[in-house]
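Here are the chains, one letter per residue:
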Amino acid sequence: MIAVGFHPEVLWTDWGLVWDNRSLLLHGLLLALEVSAVALVLSVVVGLFVAVARMGKRPLSSIAGIYVNVFRGIPALVSVLWVYFGWSIVFDFNFTVFQAAVIALTLLYSAFISEIYRAALQAIPKGQREAGLALGMHPARIFLRVTLPQATKIAIPNIGSMFIGMVKDTSTFTIIGLVEVVRVTQNINSTTFKPFVLYTAAAVIYVAAAFAIDFLFRGIEKVLTIPPSGWVANVVGGRRKRRIELLVKGMEATTS
Amino acid sequence: MTEQEVVVELRGIRKSFGANEVLHGVDLAVQTGQHVVIFGPSGSGKSTVLRTINLLEEPSEGSVRVLGVEYGPGIPGESRVKRGSALELRRQVGMVFQQFNLFPHLTALDNIALALRTVQKLGRSEAEERAAHGLRQVGLLRWAARYPTQLSGGQQQRVAIARALSLDPAVMLFDEPTSALDPELVGEVLGVMRELAESGMTMVVVTHELNFAREIGDLNVFMDEGVIVESGPRGFFDTCSNPRTRQFMDAVL
């Protein structure tokens, strides 16, 4: 005989548990965001170098290509185990859980972000670089002041998606003991046995974080659009605009 | 008249893209204050010649001398001279492009100020002031805070001219500066160029605007299939004799 049961009361009972443990859960989320944010910054830096290397000459471009294809293919779970347990033997050095998590994410996401930046950099018309060269600007300056800002604007939405992916990937780092959302949820569950309520809460927390990150990156995108729009741009760009207008007024007053 | 100083001298310029040679030995000398006009059919190599002057195109062979300094790879058989750096060269030569190539993420003012700050190492306020002066010269001071997308094509090209001029070049290169413009906007750009010519600036202009060429050209150069077919002084458009030149002029004028 097969036991068939339906327990709808689970759907609406014990939700107080989430509220009671709000502080633990929020700390879990905060830690996940911290790891992801640090890893995002590092991934953008490393990713940029890899992108530039990949667009350059051999053998550097080939090495960068291998880097991208290797690290795009490794799951986050394997990456963090490899760094936390594997590397500590190689270097005879124990990474903290936080360090291992950041390194693992950076290895994976720098590979993705390098591809995002490569596409964005290649989308900039070559006339932009030529204009800089014709002015006598140093190629490194042209990259930093002309090409990169324009490419970043193109890359930002995709980088935002990467950030959401990173936060989600931190959920696997419970395996090395990172006290992120899943680890917190499991801890609470081990004493209360309310998996439906707790894992629903965990899912909601991730979705909420994704929404917040999306909102943040839309804001950044707005600031970077040309001409800049949105209230942040008005605060930053507004000062710039007033500065120029003041200069213009001053010059119009002094007829040369 | 005293002999004028040669600003730009090209000798024996050859340029290949892969196995395809597009310039088959071009010689050109540009003197101080001279206005050189280069014209000819598409693919004749006129833009490539212009772009070798500031080494945006590195010639496969030949001598590029600007203000007496050698920047080219040299002519086979001649003794090698020490080459100046492309960076040094480009700081003496201004260039205006067909597609304007303004930096879209910067205001009109900052397009000019960026060059002044990074190339001439000026401080921010000095760079901005000089940039504003440049914009006033091309009649666009009031548009200083606008971004390129907020300007018409003609206005963008005038900003581009001001940007190139702001660095005090010894010679200005124009690569089909009005070809991407709506017909009604061509006049304002030619107007700025005319003023510049009258002020004595040394200019090399690649253009399809033959009426304008006739007006400002002190040296008129007709190119076809990678060579200079014929060139001549003022009045060239009426006196040129080469059948290929005549054929082109009859088709265009």
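Residues numbered from 1 in each chain as written. Chains lettered and ligands numbered in written order. Predicted model: local features only at pLDDT ≥ 70, side-chain atom pairs only at ≥ 80, totals over all residues. Heavy atoms only, no water.

A. Layout of the sheet that holds strand β1 (residues 6–17) of chain B. Residues and elements named next belong to chain B. Spatial ordering of the open sheet is given by β2-β1-β4-β5, a layout of 4 strands whose pairing is antiparallel. The strands lining the two open edges of the sheet, one partner per strand, are β2 (20–31) and β5 (69–70). Against the sheet, helix α1 (residues 46–53) contacts β1, β2 and β4 (61–66), and its axis sits at roughly 120° relative to β1. (Pairing = 2+ DSSP bridges. Helix = DSSP H or I, 4+ residues; strand = E, 2+ residues; numbered from the N terminus. Contact = heavy atoms within 4.5 Å. Axes fitted to C-alpha atoms, helices over the stretch in contact; angles between N-to-C directions.)

B. Region of interest: the packing of aromatic side chains. Residues and elements named next belong to chain A. A full pass over the atoms with the stated rule returns 16 aromatic pairs over all chains. Measuring from centroid to centroid gives 6.5 Å for Phe71 and Trp82, while their planes differ by 45°, and the two rings are tilted. Taken as a pair, Phe71 in helix α3 (residues 60–72) and Trp82 in helix α4 (residues 76–90) lie far apart in primary sequence, 11 residues in all. Taken together, a centroid distance of 5.3 Å and an interplanar angle of 70° make the contact between Trp82 and Trp87 edge-to-face. The exposure class assigned to Trp82 is partly exposed, which follows from its relative accessible area of 39%. One aromatic cluster in this structure is built from Tyr67, Phe71, Trp82, Trp87, Phe91, Phe93 and Phe95. (Phe/Tyr/Trp six-rings, centres within 6.5 Å; stacked < 30°, edge-to-face > 60°. Buried < 20%, exposed > 50% of the residue type's maximum accessible area, 1.4 Å probe, protein only.)

C. Geometry of the environment of Gln99 of chain A. All names here are of chain A. The residue Gln99 is located in helix α5 (residues 97–122) in this model. Looking at Gln99, the relative accessible area reads 34%, which means it is partly exposed. Note: C-alpha distance between Gln99 and Val146 (47 residues apart in sequence) is 34 Å.

D. Here's a closer look at the sheet that holds strand β7 (residues 171–175) of chain B. Residue and element names in this part refer to chain B. Strand order in the open sheet made by the 6 strands is β6-β7-β8-β3-β9-β10, with mixed pairing throughout. In this open sheet, the two edge strands, each paired with only one partner strand, are β6 (93–96) and β10 (227–233). In this sheet, adjacent strand axes meet at a mean angle of 15° when their direction is disregarded. Across 4 bridges, the pairing between β7 and strand β8 (residues 203–206) is parallel.

E. Here's a closer look at the packing of helix α10 (residues 231–253) of chain A against helix α4 (residues 124–137) of chain B. In contact at an axis separation of 10 Å, α10 of chain A and α4 of chain B are set at 60° when each is read in the N-to-C sense. Taken together, α10 of chain A and α4 of chain B sit at an angle that is classed as oblique. As α10 of chain A packs across α4 of chain B, the resulting crossing turns out to be right-handed. In this structure, α10 of chain A uses Arg240, Arg243, Leu247 and Met251 of chain A to contact α4 of chain B, whose residues at the interface are Arg124, Ser125, Glu128, Glu129, Ala132, His133 and Arg136 of chain B. (Parallel < 35°, antiparallel > 145°, perpendicular 65-115°, else oblique. Left-handed = near helix turned anticlockwise from the far one by under 90°.)

F. View of the environment of Glu9 of chain A. Secondary-structure assignment places Glu9 of chain A in the segment before α1 (16–20). Along the chain, Glu9 of chain A and Pro157 of chain A lie 148 residues apart, while their C-alpha atoms are 41 Å from each other.

G. Local environment of unusual backbone geometry. Looking along the chain, the bond that leaves Arg58 of chain A and enters Pro59 of chain A is cis, with omega of 5°. Checked against the element boundaries, Pro59 of chain A lands in the loop between α2 (22–55) and α3. The phi dihedral of Asp92 of chain A falls on the positive side, at around 50°, and the residue is not glycine. With respect to the secondary-structure elements, Asp92 of chain A resides in the loop between α4 and α5. Despite not being glycine, Leu67 of chain B has its phi angle at roughly 50°, a positive value. Looking at the element boundaries, Leu67 of chain B is found in the loop between β4 and β5.

H. Representation of a nonpolar patch on the surface within the structure. A contiguous nonpolar patch, built from Val10, Leu11, Trp12, Trp15 and Phe196 of chain A and spanning about 510 Å² of accessible area, is present on the exposed surface. Here Phe196 of chain A shows up in helix α9 (residues 195–224). (Patch = residues over 30% accessible without salt bridge, like charges linked within 9 Å, V, L, I, M, F, W, Y side chains within 5 Å. Areas by Shrake-Rupley, 256 points an atom, 1.4 Å probe, with all protein chains shown as cover. Salt bridge = Lys/Arg side-chain N within 4 Å of Asp/Glu carboxyl O.)

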